[in-house]
Amino acid sequence: MPAPSLTVVQLIQQADQLQSAGKLQQAVDLYNDWLAVHGEEPQAAPVYFNHGILNKLNQPAIAKASYQKAQALNPMLYQAAVNLGLMTEASGDDAQALQIWNQALSDQLPVEGQCMLLNHIGRLHENLKRYPEAEAALERSLRLNPQQADVVQHFVGIRRRQCLWPSIPNWLREARPGEDVALDIGPFMGMAELDTPQRQRQAAQGFVERKRSPITPLPPVRWQHDKLRIGYFSGDFKHHAVSILMAEVLELHDRSRVQVYGLDYSDTTPSAMRQRVLKAFDHHVPLHALTDAQAALRIRELEIDVLIDLTGLTSGSRFDVLAYRAAPVQASYLGYMGSCAIPGVDYILADRHLMPPELTQHFTEKPIYLNS
């Protein structure tokens, strides 16, 4: 059947089938043929939206034009404005992205659409360190739907940066009666905000459950090597507190007994500290270009005996890699000294000041004490 004769549902189904079969250009051509006849009709809005998705990578100008047309034909199709704004932001035009999202906002949109637009507005303002504007956008979003854990986390963080107390305002607590809203602020802020180890662990567990992907661990293994292979896994091999504290530790490892691997997904900007840390590894293994699954397989191929995560639940963490259990022994150290609740991390290197024995019940990891 010729493309112009198809209904919108039939058209999208056929295009999806072509795309699934790897025939991307044929799917684009199918949309082009249909739009040549029906492109000015209101029903064409979702077709333009899908056309934009297909062209986003190879033909960004065409994708933007498609999103604009979709939004013009159906202002309620907020997803088109979201994608158009994201493409505009990615091109470096933050002001235009904000304008797109603000213009798309309407009380007529479903709550989901309003929240999505407001959350992107708040996120971009936060990235630009425009904290009052970010706070205002996220407050509007949370007043529409207070059950947004990630938005609560950013909203509270923004208020803390501005020294606005209480960091969790009363209106937000009242919007969720009977709930411990503070558990949504995330593990890092929870270390300061939450007053018991139990609540801190609950905040970490909630964060990981929201963020983790469904993962099937790799089959268990046990290696036999003349020298123990220790892999340090981190996004902080740069001018960062973790590297400042770890550099000498890495340098002083007994090479007659161990081999030291740097499993690296850090910012590669050159610095004296990054150069020193990379030099301290026997083997530097960049993981930047690999997916989490590929990174786990790479670690498995290296036959790492002990994998030590130095990032925990701090910024940039790739904790899904650990959930694959690429190494037979996996532990957390230094970067985040609370309970990470990361699947696959069974131990934490600690001392009795940081983790008194009576508090170990509140950690998902078993402590390995570095002091006697």
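For the structure itself, consult the block above.
The rules we used
Residues numbered from 1 in each chain as written. Predicted model: local features only at pLDDT ≥ 70, side-chain atom pairs only at ≥ 80, totals over all residues. Heavy atoms only, no water. Buried < 20%, exposed > 50% of the residue type's maximum accessible area, 1.4 Å probe, protein only. Helix = DSSP H or I, 4+ residues; strand = E, 2+ residues; numbered from the N terminus. Pairing = 2+ DSSP bridges. Axes fitted to C-alpha atoms, helices over the stretch in contact; angles between N-to-C directions. Polar contact = N/O pair within 3.5 Å; in protein donor to acceptor, adjacent residues only side chain to side chain. Contact = heavy atoms within 4.5 Å. Expected span 1.5 Å × (residues − 1). Arc of directions from axis to C-beta.

### Overview of the pairing of strand S4 (residues 306-309)
Line of reasoning, step 1. Neither face of S4 is left uncovered, since the one carrying Val 306 and Ile 308 and the one carrying Leu 307 and Asp 309 both have all their residues buried.
Line of reasoning, step 2. Strand direction decides the pairing type here: strand S1 (residues 228-234) and S4, joined by four bridges, are parallel. Residue pairing in the sheet places Phe 233 in a bridge with Asp 309 of S4.
Line of reasoning, step 3. Bridging between S4 and strand S5 (residues 329-332) involves four bridges; their strand directions are parallel.

### Comments concerning the sheet that holds S1
Line of reasoning, step 1. Overall, parallel pairing links the seven strands, which are arranged S3-S2-S1-S4-S5-S6-S7 in an open sheet. Looking at the sheet topology across the chains shown, the edges are occupied by strand S3 (283-286) and strand S7 (366-369). Neighbouring strand axes in the sheet, compared pairwise and without regard to direction, differ in orientation by 30° on average.
Line of reasoning, step 2. Examined bridge by bridge, S1 and strand S2 (residues 258-264) share seven bridges and lie parallel to one another. The residue of S2 that forms the bridge with Leu 228 is Val 258.

### What to know about the side chain of Gln 330
Line of reasoning, step 1. Inspection of the secondary structure puts Gln 330 in strand S5.
Line of reasoning, step 2. Taking the relative accessible area as the measure of exposure, Gln 330 reaches 1% and is therefore buried.
Line of reasoning, step 3. In this structure the side chain of Gln 330 is engaged in a polar contact, spanning 2.7 Å, whose partner is the backbone oxygen of Gly 344.
Line of reasoning, step 4. Ignoring any residue separated from it by four or fewer positions in sequence, one finds Gln 330 in contact with Leu 307, Leu 322, Arg 325, Gly 344, Val 345, Asp 346 and Tyr 347.

### Quick word on helix H1 (residues 8-20)
Line of reasoning, step 1. End to end, H1 covers 18 Å across 13 residues, agreeing with the expected 18 Å (1.5 Å per residue, within 8%).
Line of reasoning, step 2. Taken residue by residue, H1 has Val 8, Leu 11, Ile 12 and Ala 15 as its buried positions. Buried positions in H1, seen along its axis, are confined to an arc of 90° and lie on one side of it. Those residues of H1 that are exposed and aimed more than 90 degrees away from the buried face are Val 9, Gln 17 and Ser 20.
Line of reasoning, step 3. Phi for Gly 22, located one or two positions after H1, is positive at around 80°.

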